[in-house]
Amino acid sequence: MSIPADLKYTKDHEWVRIEGDTATLGLTDHAQEALGDIVFVELPDEGNTIEVGDAFAVVESVKAVSDVYAPIAGEVVGNNEALEETPEKVNEDPYGDGWIAKVKISGEDNSHLMDADAYSKLLEEE
Amino acid sequence: MSAASDSPLARTPLFDEHIRLKGKMVPFAGFDMPVQYPLGALKEYQAVRDGNAGIFDISHMGQVRIKGADALAFLQYLTTNDVSKLVDGQVQYAALLNEQGTFIDDITTYRISENEYYLCINAANRHKDVAHLKEHAVDFDVTVSDESDDTVLLALQGAESQKLLQKLTDTNLDNVGYYRFALIRLNGADAIVSRTGYTGEDGFEIYIHNSDATAIWQLLENSGAVPIGLAARDMLRSEMGYALYGHEINDRVTPVEARLMWITKLDKGNFIGKEAVVTRRTEGPRQRLVFLKLTARGIPREHYKVVADGKEIGEVTSGMHSPLAGCGVAIAYVEPEYAAEGDLAIEIRGKPVPAERTTSPFVRSNVRK
């Protein structure tokens, strides 16, 4: 189970890479494995404002539809359009080519985000 | 190998194999069944479609033997299709209807001889079907034996199927044509093997005794057959537009609604439900099954609404993203006025996604005719 040390995580199995005031986000390796083959991704529109916990994107596997919850608050400034043609990138490279969206961060309180160790412990307890 | 609704899940004789192969087990029709293996549903589906072969444990399904001097007359009365058209070694798709003309189940009927037939029935309907058959058997010189608990049913589907299965038998499988079967020895064990299936690819359904199952499963898997779970199985049959009980057929629709009049022979004599079907045909269906292809991005799923003229006019019964068709495909019931006319859309998360009518199968069938 891959849990890169330089990322932050949520209990809903999203990851966040914060670079200055921009965050890139996606689903963790655990999430993609639990979901199975992803066959469809509904990306958030650029310009959308999201709050922490908003269902702002959808991933669909063969058997199920799953909401993706915003791990961070802000404005969507980019989304990974490649996932429209190749949704399987979420499975194949969840932390790289499988990224879902980029957000210009608005909130300052990111205490709900956990580091890799804490996320790893969470997975052990599941 | 039977289950009641409040007991723990039943297991097929191949349960240990599914665990060994790291299948993800889920409840289905009272059984603990593999929904997929580590390969994943999509790659399992591709193994069957792309020229390889997949092996499915479908032992949860039921098998019933009908024997006696009145076997033919009994099945003519109980099933919708014309059983008198069968010769020894032939299979026929049919339905069991109730007096309202709606579905009790869809089945396949195998004629072993004039006085002996073998039925394959759905797992979810097994006890209901057997009770129904036994109830009516009192009026005929016939015995109804539920052999489900002693029978393992495997499906081997995909272009490589015959090559793999041939290694286990001296019977030349070229002689088992489409919707034909033979009683053969497979790995030395008694087996019924039919060239039938639920995937749209060339392949076989294999009926064997419980005690012979593991050896045959392992031989096929070791020679390259890919274990296939229920998720991929559902993808394969949906792409073919094949009905699944509880989705396209149920006790609220007749063959007129379900587009199954082709297995309903109104000229063969009386059968249970015939009068109701004739009436429904005259009155017109209350809803109509349609096959839809999405013309924009989206995956249609069971229960999603079909909309037209700003209102809900139907519901999806089965839907998926079809890798081969490259778009969403759906089987749906719509109000009869919309069966052939009107612009349709499927509502996905509140938004109408346009769909056009098409015919089944959604992708090319490769069954060997």
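Please read all numbers here as calculations on a predicted model, not as lab measurements.

Calculation criteria
Residues numbered from 1 in each chain as written. Chains lettered and ligands numbered in written order. Predicted model: local features only at pLDDT ≥ 70, side-chain atom pairs only at ≥ 80, totals over all residues. Heavy atoms only, no water. Helix = DSSP H or I, 4+ residues; strand = E, 2+ residues; numbered from the N terminus. Rg over C-alpha atoms; globule rule 2.2 N^0.38 Å. Buried < 20%, exposed > 50% of the residue type's maximum accessible area, 1.4 Å probe, protein only. Salt bridge = Lys/Arg side-chain N within 4 Å of Asp/Glu carboxyl O. Contact = heavy atoms within 4.5 Å. Arc of directions from axis to C-beta. Buried area = accessible area lost by both parts, 1.4 Å probe. Polar contact = N/O pair within 3.5 Å; in protein donor to acceptor, adjacent residues only side chain to side chain. Axes fitted to C-alpha atoms, helices over the stretch in contact; angles between N-to-C directions. Parallel < 35°, antiparallel > 145°, perpendicular 65-115°, else oblique. Left-handed = near helix turned anticlockwise from the far one by under 90°. Nonpolar A, V, L, I, M, F, W, Y, C, P; charged D, E, K, R; others polar. Pairing = 2+ DSSP bridges. Core = buried A, V, L, I, M, F, W, Y, C linked by side-chain atoms within 4.5 Å. 1 Å grid on protein atoms, 1.4 Å probe; cavity = no way out; pocket = protein on both sides within 12 Å on 5 of 7 lines; lining within 4 Å. Points joined across faces, edges and corners; volume = space filled by probe spheres on them.

Here we look at the overall build of chain B
Part 1 of the reasoning: Scanning chain B from terminus to terminus reveals 8 helices and 19 strands.
Part 2 of the reasoning: Computed over the C-alpha atoms, the radius of gyration of chain B is 20 Å, within 12% of the 21 Å expected from 2.2 N^0.38 for a compact globule of 369 residues.
Part 3 of the reasoning: Reported as C-alpha extents along the three principal axes, the dimensions of chain B are approximately 60 × 50 × 45 Å.
Part 4 of the reasoning: Looking at chain B as a whole, 58% of its 369 residues are labelled buried.

Examining the pattern of salt bridges
Residues and elements named next belong to chain B.
Part 1 of the reasoning: Summed over the entire model, instances satisfying the criterion amount to 25 salt bridges over all chains.
Part 2 of the reasoning: A salt bridge links Arg368 to Asp174; the shortest N-O distance between them is 3.3 Å. On the criterion of sequence distance, the pair formed by Arg368 in the segment after strand S19 (351-358) and Asp174 in the loop between helix H5 (161-166) and strand S10 (181-186) is long-range, its members being 194 residues apart.
Part 3 of the reasoning: Note that Glu248 and Arg237 form a salt bridge whose closest N and O atoms lie 3.1 Å from each other.

What about the environment of Pro87(A)?
All names here are of chain A.
Part 1 of the reasoning: You can see Pro87 is positioned in the loop between helix H2 (82-85) and helix H3 (89-92).
Part 2 of the reasoning: Exposure remark for Pro87: the relative accessible area of 7% places this residue in the buried category.
Part 3 of the reasoning: Pro87 has contacts with Ile38, Val39, Phe40 and Val41, leaving out every residue within four places of it along the chain.

Thoughts on helix H4 (residues 116-125) of chain A
All names here are of chain A.
Part 1 of the reasoning: When H4 is considered as a whole, its buried residues turn out to be Ala116, Tyr119 and Leu123. Looking straight down H4, one finds its buried side chains confined to an arc of 65°; they lie on one side. When the buried face of H4 is taken as reference, the exposed residues oriented beyond 90 degrees from it are Asp117, Glu124 and Glu125.
Part 2 of the reasoning: As for H4, its buried residues are in contact with strand S1 (8-9) and helix H1 (29-35).

Regarding the interface of chain B and chain A
Part 1 of the reasoning: In this complex, chain B contributes 14 residues to the contact, which on the side of chain A involves 14 residues.
Part 2 of the reasoning: Contact between chain B and chain A buries roughly 1300 Å² in total, counting both sides, with carbon and sulfur atoms accounting for 48%.
Part 3 of the reasoning: Here Arg301(B) and Glu60(A) are joined by a salt bridge, their closest N and O atoms 2.7 Å apart.
Part 4 of the reasoning: Inspection of the region where chain B meets chain A yields 9 residue pairs in polar contact (both at pLDDT 80 or more).

Considerations on the packing of helix H2 (residues 41-49) of chain B against helix H7 (residues 230-239) of chain B
Residues and elements named next belong to chain B.
Part 1 of the reasoning: Two elements in contact, H2 and H7, have axes separated by 8 Å at closest approach and are oriented at 50°. Between H2 and H7, the crossing angle belongs to the class labelled oblique. As for the relative orientation of H2 and H7, their crossing is right-handed in sense. Between H2, through Ala41, Leu42, Glu44, Tyr45, Val48 and Arg49, and H7, the contact on the second element is made entirely by Ala231, Ala232, Met235, Leu236 and Glu239.
Part 2 of the reasoning: Residues belonging to the contact of H2 with H7 are distributed by class as follows: 8 nonpolar, no polar and 3 charged.

So, the pairing of strand S14 (residues 288-294) of chain B
Residue and element names in this part refer to chain B.
Part 1 of the reasoning: Burial within S14 is extensive, with 5 of its 7 residues counted as buried.
Part 2 of the reasoning: By the bridge criterion, 6 bridges tie S14 to strand S17 (residues 327-334) in an arrangement that is antiparallel. If you follow Arg288 over to S17, its bridge partner there is Val334.
Part 3 of the reasoning: Inspection of the sheet shows S14 paired to S19 by 4 bridges, in the antiparallel sense. Each bridged residue has a counterpart across the sheet, and for Leu294 the counterpart in S19 is Ala355.

Quick look at the environment of Arg301(B)
Part 1 of the reasoning: Inspection of the secondary structure assignment puts Arg301(B) in the loop between S14 and strand S15 (305-308).
Part 2 of the reasoning: Taking the C-alpha atoms as reference points, Arg301(B) and Ile104(B), separated by 197 residues in sequence, lie 24 Å from one another.
Part 3 of the reasoning: Setting aside residues no more than four positions away along its own chain, Arg301(B) makes contact with Glu60(A), Ser61(A), Val62(A), Lys63(A), Ala64(A), Val65(A), Val316(B) and Gly319(B).
Part 4 of the reasoning: Among the polar contacts listed, one links the side chain of Arg301(B) to the side chain of Glu60(A), at a separation of 2.7 Å.

Some points on the nonpolar core
Nonpolar side chains tend toward joint burial in soluble globular proteins.
Residues and elements named next belong to chain B.
Part 1 of the reasoning: Among the nonpolar cores identified, the biggest contains 48 residues, and Phe56, Phe103, Tyr110, Tyr207, Ile249 and Leu260 are the most heavily contacted of them.
Part 2 of the reasoning: Ignoring any residue separated from it by four or fewer positions in sequence, one finds Leu260 in contact with Tyr93, Phe103, Ile249 and Pro255.
Part 3 of the reasoning: By size, the runner-up hydrophobic cluster in this structure holds 27 residues, among which are Ala53, Val152, Leu186 and Ile208.

Things to note about unusual backbone geometry
Part 1 of the reasoning: Cis geometry is adopted by the peptide bond preceding Pro361(B), which originates at Ser360(B) and carries an omega value of 0°.
Part 2 of the reasoning: The topology assignment puts Pro361(B) in the segment after S19.
Part 3 of the reasoning: Its identity is not glycine, yet His13(A) carries a phi of approximately 70°, on the positive side.
Part 4 of the reasoning: Of note, His13(A) is situated in the loop between S1 and strand S2 (14-19).
Part 5 of the reasoning: Its identity is not glycine, yet Asp309(B) carries a phi of approximately 50°, on the positive side.
Part 6 of the reasoning: For Asp309(B), the position within the fold is in the loop between S15 and strand S16 (311-322).
Part 7 of the reasoning: Take Asp309(B): its relative accessible area is 62%, and that puts it in the exposed class.

Notes on the layout of surface pockets
Part 1 of the reasoning: Here the second largest pocket is characterised by a volume of approximately 460 Å³.
Part 2 of the reasoning: Along its surface, the second largest pocket is lined by 19 residues, and Gly36(A), Asp37(A), Pro38(B), Leu39(B) and Gly40(B) are the ones closest to its centre.
Part 3 of the reasoning: Of all the elements, H1(A) adds the most residues to the lining of the second largest pocket, at 4 residues.

Honestly, that's just the spatial picture; any functional story needs more than this.
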